[in-house]
Amino acid sequence: MGSFKKMVSRVAAAAAVALSVVAVSAPPAGAAASDFIYSGQDYGYAGASFDWTGRSSIGNIDLIVSDWGCDAKPVYAYFLFYTGSLTPDTTPTRRYDYSGCDEGDYTTYNNLTWSISGDSITYLGVVVCRDASNGPCKVGGLSGRNPYA
């Protein structure tokens, strides 16, 4: 019977830890949850840090776009996002870097914001593309889930 009590005690302790982790992972009211996403390809790179500011809004976006190709074709980036029903969509603005052929040169876009109406933004990804008739474009890994959605 003693080992059964120990097992029940361990399960209860593990459950208490799990509940405290869940409670800590949600941002406090008024605080922004931060994230970072990127996509790196042989022709270029795009990376962004940002804050989830609500169920349908993202703020404080700092985006870096870098053209690594030596092909006279600029690189641009835009964002892919998933709505509350997990339907993919994209932002309409392309943000370019024309430096070309140099990993040390890049273009930054700071303090950007994005929001949609009538739905939530669940996940965010950044897409990097080479500006050519056949692309290519590549999305990097997605952000963590929006804690407000």
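Residues numbered from 1 in each chain as written. Predicted model: local features only at pLDDT ≥ 70, side-chain atom pairs only at ≥ 80, totals over all residues. Heavy atoms only, no water.

Caption draft 1: Molecular detail of the pairing of strand 8 (residues 121–130). For strand 8, the tally of buried residues reaches eight of ten residues, placing the bulk of the element in the interior. Examined bridge by bridge, strand 4 (residues 75–83) and strand 8 share nine bridges and lie antiparallel to one another. Looking at the pairing, phenylalanine 79 lines up with valine 126 of strand 8. Two elements, strand 8 and strand 9 (residues 137–139), share three bridges in a ladder whose sense is antiparallel. By the bridge assignment, cysteine 129 is partnered in strand 9 with cysteine 137. (Buried < 20%, exposed > 50% of the residue type's maximum accessible area, 1.4 Å probe, protein only. Helix = DSSP H or I, 4+ residues; strand = E, 2+ residues; numbered from the N terminus. Pairing = 2+ DSSP bridges.)

Caption draft 2: How the structure looks around the packing of aromatic side chains. As enumerated under the stated definition, the model contains eight aromatic pairs in all. Aromatic pair tyrosine 76 and tyrosine 96: ring centres 5.1 Å apart, planes at 45 degrees, arrangement tilted. Here the residue tyrosine 76 occupies a position in strand 4, and tyrosine 96 occupies one in strand 6 (residues 95–97), the gap between them amounting to 20 residues. For the residue pair tyrosine 76 and tyrosine 96, the accessibility class agrees, reading buried in each case. Between phenylalanine 81 and tryptophan 114, the aromatic rings sit 5.9 Å apart at their centres with planes inclined by 55 degrees, giving tilted as the arrangement. One end of the pair, phenylalanine 81, is in strand 4; the other, tryptophan 114, is in strand 7 (residues 107–115), and 33 residues separate them in sequence. Residue classification places phenylalanine 81 among the buried residues on the basis of a relative accessible area of 2%. Of the aromatic side chains, those joined through ring pairs into one cluster are Phe36, Tyr38, Tyr45 and Trp68. (Phe/Tyr/Trp six-rings, centres within 6.5 Å; stacked < 30°, edge-to-face > 60°.)

Caption draft 3: Representation of the nonpolar core. If you look at the biggest cluster of nonpolar residues, it comprises 28 residues, and the most contacted ones within it are Leu63, Phe79 and Leu124. For this core, the secondary-structure elements that each account for two or more residues are strand 1 (33–41), strand 2 (44–54), strand 3 (57–67), strand 4, strand 7 and strand 8. Counting residues per element, this core draws most heavily on strand 4, which supplies seven residues. Discounting chain neighbours no more than four positions away, the residues touching phenylalanine 79 are Ile37, Ala48, Ile61, Leu63, Asp89, Thr90, Thr91, Leu124, Gly125 and Val126. (Core = buried A, V, L, I, M, F, W, Y, C linked by side-chain atoms within 4.5 Å. Contact = heavy atoms within 4.5 Å.)

Caption draft 4: Region of the structure containing the sheet that holds strand 2. Strand order across the open sheet formed by four strands is 1-2-3-7, with antiparallel pairing between neighbours. Strands at the two margins of the open sheet, each flanked by one partner only, are strand 1 and strand 7. Across the sheet, the mean angle separating the axes of adjacent strands is 20 degrees when strand polarity is ignored. With nine bridges joining them, strand 2 and strand 3 adopt antiparallel strand pairing. From the neighbouring strand, serine 49 faces strand 3, where its bridge partner is aspartate 62. (Axes fitted to C-alpha atoms, helices over the stretch in contact; angles between N-to-C directions.)

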